[in-house]
Amino acid sequence: MPEPRIVAFLCEWCAYRAADEAGRRRLTYPQSLLSIRVMCTGRVEPAFVLQAFREGADGVLVAGCRPGSCHYGDGNRKAAARHALLLRLLAQLGISPERCRLEWVDGADPERFAALVREMTERLRALPPGPLAGEGSARAPERAPPAAREAGRPKVAFYWNAACGGCEESVLDLGEELAAILAGAEVVLWPLVSDGKRRDVEALPDGSIAAAFLSGAVRTSEEEDWSRLLRRKSRLLVALGACAHTGGVVGLGNLSGRGEILAAAYRSAPSLERSDGSLPGEAGEPALALPALLPEVVPLEAVAEVDAVVPGCPPTPELLGRALALALRGDLPRGAVLAPGHSLCEDCARRTSRPARFALEAVRDLATSVPDPTCFLAQGMACMGPATRGGCQAACVGVNVPCRGCFGPLPGAPDPGAAMLSALASQLCGDEEELGRLATQIPDPAGTFFRYGLARLPRRRGSGS
Amino acid sequence: MSRRITIDPVTRLEGHGKVEVFLDERGEVERAFLQVPELRGFERFCLGRPAVEMPQVTAHVCGVCPAAHHLASARALDALYRVEPPPAAHRIRELYYNLFLLEDHALHFYYLGGPDLVLGSGAPAAQRSFSGVVERLGSDLGRRVIEARKLARGLMAGIAGRAGHPAFALPGGVSRALDREQAERLREAAPRLVDFAAFTAQAFADGTLRSPEYLALLEAEPFRLRHHSMGLVDEAGRLSFYRGTVRVVDPAGRESLRFEADRYLDHIAEHVEPWTYVKFPFLRSRGWRGFEEGDESGLYRVGPLARLNAAERMATPRAQAEAERLFAALSRPAHQTLAFHWARLVEALQAAEEVERIASDPEILDPEVRRLPEGKPVRGVGIVEAPRGTLLHHYETDERGLLTLVNLVVASQHNAGPVQLSIRKAASEVIHGGKVDEQALNVIEMAFRAYDPCNACASHALPGELPLEVTVREPTGEVRQVLARGLEPRR
C-alpha cells in the first residue's frame, strides 16, 4: 500500500523549525509529508485544506505555536476557531477528523514533531484508502467544437437538466422583451416552446448552434449525454443559473450516496404502503428502464466545457436578457460571468452597519430570533454576502433573511463557502474550548456555507453509491 | 410480440416525462405508462439541515410553484415549533399566495390549456398557441395577459423579496411587515386583478361553453374518471388554498374523510412502481388496488376540479356564482377531466377576490408579523393547496431543529395514479387496430394536460404547446410511423 500523503502547513516560528531540527538531528519519520511553510497557522485558510483534499491528500496537518505564544497575537486562536468549524464540515462530508489535524508544536521539540508525523501516518494507514471521491463522471468534459460559421439567423437552444424550472420562469419574466431579443434568431430546441427531440439536435452539424443555454445540475446519465450533445453542437455553451454553474441545491445530494437517496424516498418514507417492494429503476423491462443516477451530482463544467455563466437562483430577468442579447450578437466573451463583479454587500442596505472588526460571543439562529436591521454577520448570523457575487437585487437580505450565496463566487475568489466559513469562525471569541462550543452552534456548515456549491467540494462517497 | 408507442418528452414534474403505450398483437392498447425519469432526492439531502431553512430550500423543488413549497414548508414549521403566527403574518402570506395562484391559474388558461379549449382540438397546430387564443378572443388580450402577469409578479416580489424562490416565511410568521406604500399598491391593483379574472372566466364562457365541440369533449368517455376528490376547506367548509382541514368526498360527492394535516399518515399511503420515480398515493381505507377507477378505488384526484368537488362552497361571492354555473352544467361532483380548466378559472377568481379582500383589511399593516417559538421542535406537518393540488410537507427534527425526517407529498404525485388511468383510457379509446393518427395524439395529450401536471406547468408563459412525438414501432423495434407536433420553432 502506498504511503499516505500528508500536506503539512507549518508555522515558520515553531513547527517549521521543529521539522527543520528533526531533519538536522536525523530523526526518522515517514516520508509522507509535503511541508508548506506559512508565517502563522492563522494564514491557513480552510480553502487550502479543502484544496489539498481535492488534489488527493490523504491527510492535512496544520501545526503552529501554542495558545498564548503566537507571534502575531491571536493567529493561532483564529486557526483553532476555523479548525473547529472545518472539522464539522468535514464530518458532514464523510471525512474523518483523523485526516485533518491542528497541533501545537514547539520549535525546540523536534522529537514531538517526528512522533506526531509517525502517529498521524499510522492512523491514516488504518483508514480506508483515500483519496476522496472525484467528480461524478469518469469521462473528460466535452470540448467545444471547432469554430464553424452558419449562414442565416443564429440558432439558439434552451435545455434543462436536474433543474426546477425557475431559470426558465425567469426567462419568461422578460415578457415582451423576450420576443424582441429572439426576433432575429431561430430557436432550434426548447422543450417549453417547441420540440425537444434529440434526433433533430443530433442531425445538426457540430458547432451549428450559436448559443445553448443549459440550466440544471447533472444528476443522471441522460443529462450528461444531453450536455455533451449540446456542447458538440454549440459554439457557445452558457451555464444558466446556480445548478448548472456550481451544482446548486441539487448538489446537496452529494452528502448521500445514490442508495441512501433511493432508500429515503422508497424505503423509509413514513407514508409508504410497504418498504420492501421493487425500487424505481428495477423494472426489468427494457422499454420501461429509467436513466440511472450518476454516482454524484456535478455542475455542468464537469461534463462539458462552459463558455459563459449566468449565475443566480434564479438569475434575474435583467441579467438573462443581457446574456441572451450578447450571445445572439456574438458578443459574449468566453469565460464571462454575466453579473456584476462586486459582492452582495455592496448592494445591501445593511452594509453601513457592518463593522470593520467584530467579535462574536454567540451565534444566532433565524428560527428562534428576529434579526436586527443591521449587518447579519455582526449579529452572529451566517450570511454569505461578503463572498457572494452581487446582481440578485439583494432580494433575500431585503426581506431580512441572510444571503445563502446563490450567485456564486466573486472574481478571483473561487471558494466562497470556505471563505465565509473562515471569516465567520475568525470572528468567534474565547479560548479553545469556548471556540469549539461556539462552532457547534453553527449546526450545518455544509448546508449553510455550501448551499449552492456543495457539488464542488471534495468528499468521501456516501454509502450505497 | 407487442408494439410500443413512445411519447417523449411530454411534460415536466421533477424534470421530464415520457409516455409509453404498449399495443397487443391486434393493435389494441394493452398498457400505458407516464414515466417520470428523474429524482433529485430532497427527502434525503434535507436531513441534517436546520428546519428553518426549509422554506427556502424546498422552494427549489419547483421553480414554477416555489410559492407553494415555501408556504407548505412555513406551515410545517409553525406546527414543528408549535407557534401560531400573528394575524398580520397569516394575511401577508395569504396575500402573496393568492397572487401566485391567480397568476399561475390564469396563465395556464391562456398559454397551455387555453388553445385546446378556445380553438378546439381540430385547429391547425400552428394556430394552437397563445397567439391563436389572442386572435380569437380579441387583439388587446395578449397585452392584458402579459400585464396581469407582470402586475401580479411585481406585487409578489414586493412582499417576498422576489417573485420566484421567495425567502420571507419563517416559523411563526414572516420576515418583514408590509409598508404603507406596498399596501397601497396592492389595494390599487386588486380591482384590476379581479376584473382580469372575471374577464377570463367570461371569455371562457363565451368562447368555449357555447362550443358544441367542447361540450361534447367534456362529456366524452376518455375524459371522464370517477374518483374521490381531495382539497383543503376552512372551518365553514369553504375552499381554502392556504390553511384548513383536508376534506375528501367520494365519487358520489359524500364526505368520506376529514382530517388535520398532522393525521395524514392515518389516511394516505403511497405505492411504488419500478418504472417511474413518482410514488402513487392512495386512500388507506380503500387500499392499493392498482390503477383502476370507481367507487372502490383508493385513487383520488386533487387540483382545481377536485377542490371544487371537495369544498362545500367557494370562499368568495363571484367565485361561488361561477362554481354554481359549473356544477349546474356538469352535475356535482364533476368527474369530467377537461373541466379542470374551468375549475381553474373559478379558483383564479376566488384568488383575485381574496387579494382584494385582504388588501383592504387594515390588519395587514400591523407591524407584529412574527412570534418566536418557545417550545422545542419535534414534528410538524404543513399542507397548502398548490395550483395543481394538495401539497404536504412533513418534518421531524432533533431538539436543535435539525431535520431527522423529511417527507414531501406533492400535488402532481396525488394525481399521478389518475393521470396513468386517463392516459390509458384515452389511448384505449382512440387507438384501434394499431392505427395512430393526429387526432389520437391530441386526445392523449389533452387527457393529461387538463391536470396541468407540474412537468407541463413551466410551459405556462410561452406561446406554444407541449411537444409530442408518437413513435409506432414494429415488433422488431423498427420505426413504422412517426407522428409529431409542435415541431416548428415558434416565438
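Each value, and the rule that gives it
- Residues numbered from 1 in each chain as written.
- Chains lettered and ligands numbered in written order.
- Predicted model: local features only at pLDDT ≥ 70, side-chain atom pairs only at ≥ 80, totals over all residues.
- Helix = DSSP H or I, 4+ residues; strand = E, 2+ residues; numbered from the N terminus.
- Buried ≥ 20, exposed ≤ 12 C-beta atoms within 10 Å, placed from the backbone.
- Contact = placed C-beta atoms within 7 Å.
- Rg over C-alpha atoms; globule rule 2.2 N^0.38 Å.
- Pairing = 2+ DSSP bridges.
- Axes fitted to C-alpha atoms, helices over the stretch in contact; angles between N-to-C directions.
- Domains from an automatic or database assignment.
- Nonpolar A, V, L, I, M, F, W, Y, C, P; charged D, E, K, R; others polar.
- pLDDT = per-residue confidence, 0-100.
- Core = buried A, V, L, I, M, F, W, Y, C linked by C-beta atoms within 7 Å.
- Expected span 1.5 Å × (residues − 1).
- Parallel < 35°, antiparallel > 145°, perpendicular 65-115°, else oblique.
- Left-handed = near helix turned anticlockwise from the far one by under 90°.

## A word on the overall build of chain B
Working step 1: If you tally the helices and strands in chain B, you get 16 helices and 16 strands.
Working step 2: When burial is assessed residue by residue, chain B has 65% of its 491 residues classed as buried.
Working step 3: Considering only intrachain contacts with a sequence separation of at least 6, the fraction spanning at least 24 residues in chain B is 70%.

## Some remarks on the overall build of chain A
Working step 1: Looking only at helices and strands, chain A features 15 helices and twelve strands.
Working step 2: Here the C-alpha atoms of chain A give a radius of gyration of 25 Å, agreeing with the 23 Å that 2.2 N^0.38 yields for 465 residues.
Working step 3: Projected onto its principal axes, the C-alpha positions of chain A cover 75 × 55 × 55 Å.
Working step 4: The burial tally for chain A puts 57% of its 465 residues in the buried class.
Working step 5: In chain A, of all internal contacts separated by at least 6 residues, the share reaching a separation of at least 24 is 81%.

## Some thoughts on the sheet that holds strand β2 (residues 33–38) of chain A
Residue and element names in this part refer to chain A.
Working step 1: The strand order across the open sheet formed by four strands is β2-β1-β3-β4, and the pairing between neighbours is parallel. Strands at the two margins of the open sheet, each flanked by one partner only, are β2 and β4 (100–104). Direction aside, neighbouring strands of the sheet carry axes that sit 20° apart on average.
Working step 2: Sheet strands in contact with helix α3 (residues 75–92) are β3 (59–64) and β4, and its direction is about 160° off that of β4.

## Overview of the domain arrangement of chain A
Much of the literature gives interface size as the accessible area that the parts lose upon coming together.
Working step 1: Taken domain by domain, chain A consists of domain 1 (6–126), domain 2 (155–337) and domain 3 (344–452).
Working step 2: The C-alpha-based centres of domain 1 of chain A and domain 2 of chain A are spaced at 41 Å.

## Re the sheet that holds strand β12 (residues 379–386) of chain B
All names here are of chain B.
Working step 1: If you trace the three strands from one edge of the open sheet to the other, you get β12-β13-β14, paired in antiparallel fashion. Each of the sheet's edge strands pairs with one partner strand only, and the pair in question is β12 and β14 (403–409). Between one strand axis and the next, the sheet turns through 10° on average, direction left out of account.
Working step 2: Here β12 pairs with strand β13 (residues 389–397) via eight bridges, running antiparallel. Residue pairing for β13: Arg-379 is matched across the bridge by Glu-396.
Working step 3: Helix-sheet contacts for helix α3 (residues 66–80) involve β12 and β13, and the interaxial angle to β12 is about 150°.

## With respect to the interface of chain A and chain B
Working step 1: Listed as interface residues are 73 residues of chain A and, on the opposing side, 77 residues of chain B.
Working step 2: The set of elements that each furnish at least two residues to the side of chain A that touches chain B consists of α5 (166–172), α6 (176–182), β6 (186–189), β8 (218–220), α10 (258–266) and α12 (395–398) of chain A.
Working step 3: It is α5(A) that provides the largest number of residues to the side of chain A that touches chain B, a total of six residues.
Working step 4: A class-by-class count of the residues in the side of chain A that touches chain B yields 40 nonpolar, 19 polar and 14 charged.

## Section: the pairing of strand β5 (residues 155–160) of chain A
Two faces, one strand: in a regular strand the side chains alternate between the faces of the sheet.
Residues and elements named next belong to chain A.
Working step 1: The element β5 is largely enclosed, with a buried count of six among its six residues.
Working step 2: What you see with β5 is no split at all: Lys-155, Ala-157 and Tyr-159 on one side and Val-156, Phe-158 and Trp-160 on the other are buried throughout.
Working step 3: Bridging between β5 and β6 involves three bridges; their strand directions are parallel. Bridge pairing links Ala-157 to Leu-189 in β6.
Working step 4: The sheet contact formed by β5 and strand β7 (residues 209–215) spans five bridges and is parallel. Bridged to Ala-157 within β7 is Ala-212.

## Some details on the confidence of the model for chain B
Any segment with low pLDDT has predicted coordinates that should not be analysed in fine detail.
Residues and elements named next belong to chain B.
Working step 1: Model confidence for chain B is summarised by a mean pLDDT of 83, while 81% of its residues fall at 70 or above.
Working step 2: Of all helices and strands in chain B, the one with the weakest mean pLDDT is helix α16 (residues 454–457) (41), whereas strand β7 (residues 245–249) scores best (98).
Working step 3: Of the regions scoring below 50 in pLDDT, residues 455–469 engages in 76 contacts with residues more than four places distant in sequence or in other chains.
Working step 4: Note on residues 484–491: pLDDT is under 50 here. Beyond four places in sequence and across chains, it has 31 contacts.
Working step 5: Here the prediction assigns the complex a pTM of 0.91, and the interface score ipTM is 0.92.

## Let's talk about the environment of A:Arg219
Residues and elements named next belong to chain A.
Working step 1: Following the sequence through the fold, Arg-219 ends up in strand β8.
Working step 2: When the 32 C-beta atoms within 10 Å are taken as the criterion, Arg-219 is described as buried.
Working step 3: Along the sequence, Arg-219 and Leu-454 sit 235 residues apart, while their C-alpha atoms lie 14 Å from each other.

## What to know about the nonpolar core
Working step 1: In this structure, A:Leu214, A:Val238, B:Leu102 and B:Val346 are the most contacted members of the largest nonpolar core, which totals 307 residues.
Working step 2: Apart from the residues lying within four places of it in its own chain, the contact partners of A:Leu214 are A:Tyr159, A:Asn161, A:Ser227, A:Leu230, A:Leu237, A:Val238, A:Ala239, A:Leu240, A:Ala244 and A:Leu300.
Working step 3: If you look at the next biggest cluster of nonpolar residues, it comprises seven residues, including A:Ile261, A:Ala264, A:Ala269 and B:Val272.

## A few points about unusual backbone geometry
Working step 1: With omega at -10°, the peptide bond leading from A:Cys313 into A:Pro314 counts as cis.
Working step 2: Relative to the elements of secondary structure, A:Pro314 occurs in the loop between β11 (308–310) and α11 (317–329).
Working step 3: With phi around 70°, A:Asn400 is a residue other than glycine that occupies positive phi space.
Working step 4: Here A:Asn400 lies in the loop between α12 and α13 (416–426).
Working step 5: Here A:Asn400 falls in the buried class, since 22 other C-beta atoms lie within 10 Å of it.
Working step 6: Positive phi values are uncommon outside glycine, yet B:Arg82 reaches one of about 45°.

## Description of the environment of B:Glu293
Residues and elements named next belong to chain B.
Working step 1: Within the secondary structure, Glu-293 sits in the loop between β10 (280–283) and β11 (300–301).
Working step 2: Looking at Glu-293, the number of C-beta atoms within 10 Å reads 18, which means it is partly exposed.
Working step 3: Residues Glu-293 and Gly-417, 124 residues apart in the sequence, show an inter-C-alpha distance of 9.6 Å.
Working step 4: Apart from residues no more than four positions distant in its own chain, Glu-293 is found in contact with Leu-225, Arg-226, His-227 and Leu-421.

## Thoughts on the confidence of the model for chain A
Working step 1: The share of residues in chain A with pLDDT of 70 or more is 94%, and the mean pLDDT across the chain is 88.
Working step 2: Within the model, pLDDT remains below 50 along residues 461–465 of chain A, and this stretch shows 19 contacts once partners closer than five positions in the same chain are excluded.

## What about helix α14 (residues 416–430) of chain B?
All names here are of chain B.
Working step 1: Here α14 contains 15 residues, and its C-alpha end-to-end distance of 21 Å stays within 8% of the 21 Å for a straight helix at 1.5 Å per residue.
Working step 2: For α14, a buried count of twelve out of 15 residues is recorded, marking the element as mostly surrounded by other parts of the structure.
Working step 3: Taken together, the buried positions of α14 are occupied by Ala-416, Gly-417, Pro-418, Val-419, Gln-420, Leu-421, Ser-422, Ile-423, Arg-424, Lys-425, Ala-426 and Ala-427.

## Regarding the packing of helix α7 (residues 180–209) of chain B against helix α12 (residues 339–359) of chain B
All names here are of chain B.
Working step 1: One can describe the packing of α7 onto α12 by two numbers: an axis separation of 8 Å at closest approach and a directional angle of 160°. In terms of orientation, α7 lies roughly antiparallel with respect to α12. The interaxial crossing formed by α7 with α12 has left-handed handedness. Listed contacts from α12 to Ala-183, Leu-186, Arg-187, Ala-190, Pro-191, Leu-193, Val-194, Ala-197, Ala-198, Thr-200, Ala-201 and Phe-204 of α7 are Trp-342, Leu-345, Val-346, Ala-348, Leu-349, Ala-352, Glu-353, Val-355, Glu-356 and Ala-359.
Working step 2: For the contact of α7 with α12, the per-class residue count stands at 18 nonpolar, one polar and three charged.

## Here's the deal with the pairing of β3(A)
All names here are of chain A.
Working step 1: Within β3, six of the six residues are buried, leaving the element largely enclosed by the surrounding structure.
Working step 2: The alternating pattern of β3 places Gly-59, Leu-61 and Ala-63 on one face and Val-60, Val-62 and Gly-64 on the opposite face, and all of these are buried.
Working step 3: Examined bridge by bridge, strand β1 (residues 6–11) and β3 share five bridges and lie parallel to one another. Within β3, the residue paired with Ile-6 across the bridge is Gly-59.
Working step 4: One ladder, built from five bridges, connects β3 with β4; its direction is parallel. When the bridges of β4 are listed, Val-60 appears paired with Cys-100.

## With respect to the packing of α3(A) against helix α14 (residues 432–440) of chain A
Residues and elements named next belong to chain A.
Working step 1: Following both chains from N to C, one finds α3 and α14 inclined at 35°, their axes separated by 9 Å at the closest point. Seen along the crossing, α3 lies across α14 with a hand that is right-handed. The segment α3 lies against α14, with Ala-80, Ala-81, Ala-84, Leu-85 and Arg-88 engaging Glu-432, Leu-435, Gly-436 and Ala-439.

## A few points about the environment of B:Glu296
All names here are of chain B.
Working step 1: Along the chain, Glu-296 turns up in the loop between β10 and β11.
Working step 2: Assessed through the 10 C-beta atoms surrounding it within 10 Å, Glu-296 is described here as exposed.
Working step 3: Put simply, Glu-296 and His-228 are 68 residues apart on the chain and 9.4 Å apart in space, counted from C-alpha to C-alpha.
Working step 4: Ignoring sequence-local partners within four residues, the contact set of Glu-296 consists of Arg-286 and Arg-289.

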